[in-house]
Amino acid sequence: MSSRADTFNTSETSAIEQIRADFPVLKQTVHGKPLVYLDNAATTQKPQQVIDAVKNYYTHDNANVHRGLHTLSERATDQYEQARNKVRDYINAASSNEIIFTRGTTESINLVAQSFGRSRLKPGDEIIISTMEHHSNIVPWQLTCEQTGATLKVIPISDAGELDLDAYKKLLSKNTRLVALVHASNALGTVNPVTDIIELAHAQDVPVLLDGAQAIAHMPVDVQALDCDFYAFSAHKAFGPTGIGVLYGKEKLLDAMPPYQGGGEMIRTVSFERSEYGQLPNKFEAGTPHIAGAIGLGAAIDYISALDFSAIHQHESSVLEYAHQRAADYPGLKIIGQAKNKISVLSFVLDYAHPHDIGTIVDHEGVAIRVGHHCAMPLMDRLCVPATARASFSIYNTHADVDALFTGLDSVRSLFG
Amino acid sequence: MNPEPHKLYQQFHDMLVNASETNFDTDSQKLVMLAGVKEFPMRVKSATLPWHTINHSLEGAEQPATTE
């Protein structure tokens, strides 16, 4: 695939046009208006390269992995394992053994909560999360706490949506067994100072899990530079298929953890008396995996790797800045989440319309946004809003998309304002 | 239980969920204004939830009301 590294810089408009051309779903109208897709924090669209990779696999190579001796099985296994190597390189893991394929971020976190958490936690132990977590980084820990008698501690946030680091330092104690924190918030866009968080935790020998569901498509992630102990993400928020995700874990930790699920693929020998588990990463991949999904994720990594993250960041920041400008003087609009360091998410409320009405009306202008509590009900409570409207931008969004959103909001205002 | 609120609930529900012709009593005619919600399937729940809630509480149900 040809490199797109310079395309942003040569001419931003034509570069974005080239990128948009890779995403067939964008070429349609909704309610008679050109689709403006601003729900990227929920899921990104897929480039033709990813669609083709999945289609080609099913068209030419479909077979089960790690079992057959026939040619197709060998091809499928090669592609599946190549995808694992691509993930390893993409996040700079030390070994492919540290890359576990899961169904997505949620399953990755559940794996750690059940395998790492249940086997180590006891009454009196504490897990630290934050107010801005997605439910998928709250509920798995609540389940583990119920099962083990451990307690959940929550780092508070400011009104702007930033972590209270002083409170975090106070929460870290000799009882802390794990910090599980979102890298970038889905509801607010806040990018957390994870390097500092990890350093502070490691100073007390506490491992850290990062929920990278949102961060993965917006910034380079180097797990060794971060020195995080676990990193969870989903393919579908980074241009890959749904139903496939990754748990990165330091090999030493994963090695010591018991299996999360039992079945085929994850064993070495089985008898009715006892079974011997397989090596990493197979130990955590019971059953036939989502092979096509993993191959699609590999293609998504190829796609994103051919772009230049600093250019992506520059472009998305410019779109977000423009959205913030338009929002700043829009009548009755309040931005929810004003952290200094944000991914391209504009969450907001209007004082004259419920977010659900905003969502319905802008949809009729062809604009897709997310409305609701964003699977972060404790965060909504903290910010005293029942729900927000959220526009989340990706590499293919433009200033014109922001204008379309605000044209949609004009319709909301004419009805409710 | 007073049958009147339950009948209203049923009529309102039928208007949005079953798209049936509804003959509200004169006092309740204004509810027809909300018939257009059926054009927005994702919003039918929003419009019917308060009716489920009132119906539920009139029935003295112990579980929280839902639209399911």
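This is a predicted model, so every value here is computed, not measured.

### Some thoughts on the packing of aromatic side chains
All names here are of chain A.
Here is step 1 of the chain: Counted according to the given criterion, the structure contains eleven aromatic pairs over all chains.
Here is step 2 of the chain: With centroids separated by 5.7 Å and ring planes inclined at 85 degrees, the aromatic side chains of Phe-23 and Tyr-303 adopt a geometry described as edge-to-face. You can see Phe-23 sitting in the loop between α2 (12-21) and β1 (29-30) and its partner Tyr-303 sitting in helix α11 (residues 291-305), a full 280 residues away along the chain.
Here is step 3 of the chain: Judged by its relative accessible area of 1%, Tyr-303 falls in the buried class.
Here is step 4 of the chain: Ring geometry for Phe-239 and Tyr-396: centres 6.4 Å apart, planes at 70 degrees, overall edge-to-face. One end of the pair, Phe-239, is in the loop between β9 (230-234) and β10 (245-249); the other, Tyr-396, is in the loop between β17 (388-392) and α15 (399-416), and 157 residues separate them in sequence.
Here is step 5 of the chain: Three or more aromatic residues joined by ring pairs make a cluster, and in this case those are Phe-23, Phe-239, Tyr-303 and Tyr-396.
Here is step 6 of the chain: In this structure, Arg-413 is placed above the aromatic ring of Tyr-330, and the distance from its NZ or CZ to the ring centre is 4.9 Å.

### Let's talk about the pattern of salt bridges
All names here are of chain A.
Here is step 1 of the chain: Under the criterion given, the structure shown has 21 salt bridges over all chains.
Here is step 2 of the chain: Across the pair Lys-86 and Asp-302 runs a salt bridge, and its minimum N-O distance is 2.9 Å. Separated by 216 residues along the polypeptide, Lys-86 in helix α4 (residues 71-90) and Asp-302 in helix α11 bring together distant segments of the chain.
Here is step 3 of the chain: You can call Asp-302 partly exposed: its relative accessible area is 34%.

### Considering the confidence of the model for chain A
Here is step 1 of the chain: On average, residues of chain A score 95 in pLDDT, and 97% of them reach the 70 mark or higher.
Here is step 2 of the chain: This model gives residues 1-7 of chain A a pLDDT under 50, and the stretch forms 17 contacts once residues within four places in sequence are excluded.

### Brief notes about the pairing of strand β5 (residues 126-130) of chain A
On a regular strand, one side chain projects to one face of the sheet and the next to the other, so that they alternate.
Residues and elements named next belong to chain A.
Here is step 1 of the chain: When you tally the buried positions in β5, you get five out of five residues, the bulk of the element.
Here is step 2 of the chain: Burial along β5 is two-sided: the residues Glu-126, Ile-128 and Ser-130 and Ile-127 and Ile-129 are all buried.
Here is step 3 of the chain: Bridge analysis of β5 against strand β6 (residues 151-155) gives five bridges, and the strand direction is parallel. Looking across to β6, one finds that Ile-129 is bridged to Val-154.
Here is step 4 of the chain: Taking the sense of rotation as the criterion, the β-α-β connection linking β5, helix α6 (residues 139-148) and β6 turns out right-handed.
Here is step 5 of the chain: Direction of pairing for β5 relative to strand β7 (residues 176-182): parallel, over a ladder of three bridges. Bridge pairing links Glu-126 to Thr-176 in β7.

### Topic: helix α3 (residues 48-61) of chain A
Residue and element names in this part refer to chain A.
Here is step 1 of the chain: Here α3 spans 19 Å end to end across 14 residues, near enough to the 20 Å set by a 1.5 Å rise per residue.
Here is step 2 of the chain: When α3 is considered as a whole, its buried residues turn out to be Val-50, Ala-53, Tyr-57 and Asp-61. The buried residues of α3 occupy an angular sector of 60 degrees when the element is viewed end-on, so they sit on one face.
Here is step 3 of the chain: Contacts made by the buried residues of α3 are with α4 and α11.

### Section: the packing of helix α13 (residues 355-363) of chain A against α15(A)
Residues and elements named next belong to chain A.
Here is step 1 of the chain: Put simply, α13 and α15 touch, their axes get as near as 9 Å, and they point 120 degrees apart. Classed by the angle they form, the pair α13 and α15 counts as oblique. Crossing angle aside, the handedness with which α13 passes α15 is right-handed. Along its contact with α13, which presents Asp-357, Ile-358, Ile-361 and Val-362, the element α15 presents Leu-405, Gly-408, Leu-409, Ser-411, Val-412, Leu-415 and Phe-416.

### A few points about the domain arrangement of chain A
Bring the parts together and some accessible area is lost; that lost area is often taken as the interface size.
Residue and element names in this part refer to chain A.
Here is step 1 of the chain: When its domains are assigned, chain A resolves into domain 1 (7-30 + 308-416) and domain 2 (52-305).
Here is step 2 of the chain: If you average the C-alpha positions of domain 1 and of domain 2, the two centres end up 28 Å apart.
Here is step 3 of the chain: Facing 33 residues of domain 1, the contacting portion of domain 2 comprises 30 residues.
Here is step 4 of the chain: Buried area between domain 1 and domain 2, both sides added, is near 2,500 Å², and the carbon and sulfur share of it is 60%.
Here is step 5 of the chain: Our enumeration of links across domain 1 and domain 2 arrives at two salt bridges.
Here is step 6 of the chain: Across the pair Arg-382 and Asp-159 runs a salt bridge, and its minimum N-O distance is 2.9 Å.
Here is step 7 of the chain: The interface formed by domain 1 and domain 2 holds 15 residue pairs in polar contact (both at pLDDT 80 or more) in total.
Here is step 8 of the chain: At the level of secondary structure, the elements contributing two or more residues to the side of domain 1 that touches domain 2 comprise α12 (309-328), β14 (345-350) and α14 (377-382).
Here is step 9 of the chain: Classifying every residue of the side of domain 1 that touches domain 2 by side-chain character gives 18 nonpolar, nine polar and six charged.

### Side note on helix α5 (residues 105-120) of chain A
Residue and element names in this part refer to chain A.
Here is step 1 of the chain: Taking 1.5 Å as the rise per residue, α5 with 16 residues should run 22 Å; its terminal C-alpha atoms sit 22 Å apart, in good agreement.
Here is step 2 of the chain: Most of α5 sits inside the fold, with twelve of its 16 residues counted as buried.
Here is step 3 of the chain: Listed as buried for α5 are Thr-105, Glu-107, Ser-108, Ile-109, Asn-110, Leu-111, Val-112, Ala-113, Gln-114, Ser-115, Phe-116 and Gly-117.

### Notes on the sheet that holds strand β4 (residues 99-102) of chain A
Either a parallel or an antiparallel arrangement is found when strands of a sheet pair, and the pairing is made through backbone hydrogen bonds.
Residue and element names in this part refer to chain A.
Here is step 1 of the chain: Here seven strands make up an open sheet; going across it, the order is β4-β10-β9-β8-β7-β5-β6 and the pairing mixed. This sheet does not close on itself; its edge strands, each paired only once, are β4 and β6. For this sheet, the mean angle separating the axes of adjacent strands, direction not counted, is 20 degrees.
Here is step 2 of the chain: Sitting on the sheet, α5 is in contact with β4, β7, β8 (208-211), β9 and β10, with an inclination near 150 degrees to β9.
Here is step 3 of the chain: Against the sheet, α6 touches β5, β6, β7 and β8, its axis set at about 145 degrees to β6.

Criteria and cut-off values
- Residues numbered from 1 in each chain as written.
- Chains lettered and ligands numbered in written order.
- Predicted model: local features only at pLDDT ≥ 70, side-chain atom pairs only at ≥ 80, totals over all residues.
- Heavy atoms only, no water.
- Phe/Tyr/Trp six-rings, centres within 6.5 Å; stacked < 30°, edge-to-face > 60°.
- Helix = DSSP H or I, 4+ residues; strand = E, 2+ residues; numbered from the N terminus.
- Buried < 20%, exposed > 50% of the residue type's maximum accessible area, 1.4 Å probe, protein only.
- Lys NZ or Arg CZ within 6 Å of the ring centre and 35° of its normal.
- Salt bridge = Lys/Arg side-chain N within 4 Å of Asp/Glu carboxyl O.
- pLDDT = per-residue confidence, 0-100.
- Contact = heavy atoms within 4.5 Å.
- Pairing = 2+ DSSP bridges.
- Right-handed = clockwise from strand over helix to strand, strands pointing away.
- Expected span 1.5 Å × (residues − 1).
- Arc of directions from axis to C-beta.
- Axes fitted to C-alpha atoms, helices over the stretch in contact; angles between N-to-C directions.
- Parallel < 35°, antiparallel > 145°, perpendicular 65-115°, else oblique.
- Left-handed = near helix turned anticlockwise from the far one by under 90°.
- Domains from an automatic or database assignment.
- Buried area = accessible area lost by both parts, 1.4 Å probe.
- Polar contact = N/O pair within 3.5 Å; in protein donor to acceptor, adjacent residues only side chain to side chain.
- Nonpolar A, V, L, I, M, F, W, Y, C, P; charged D, E, K, R; others polar.

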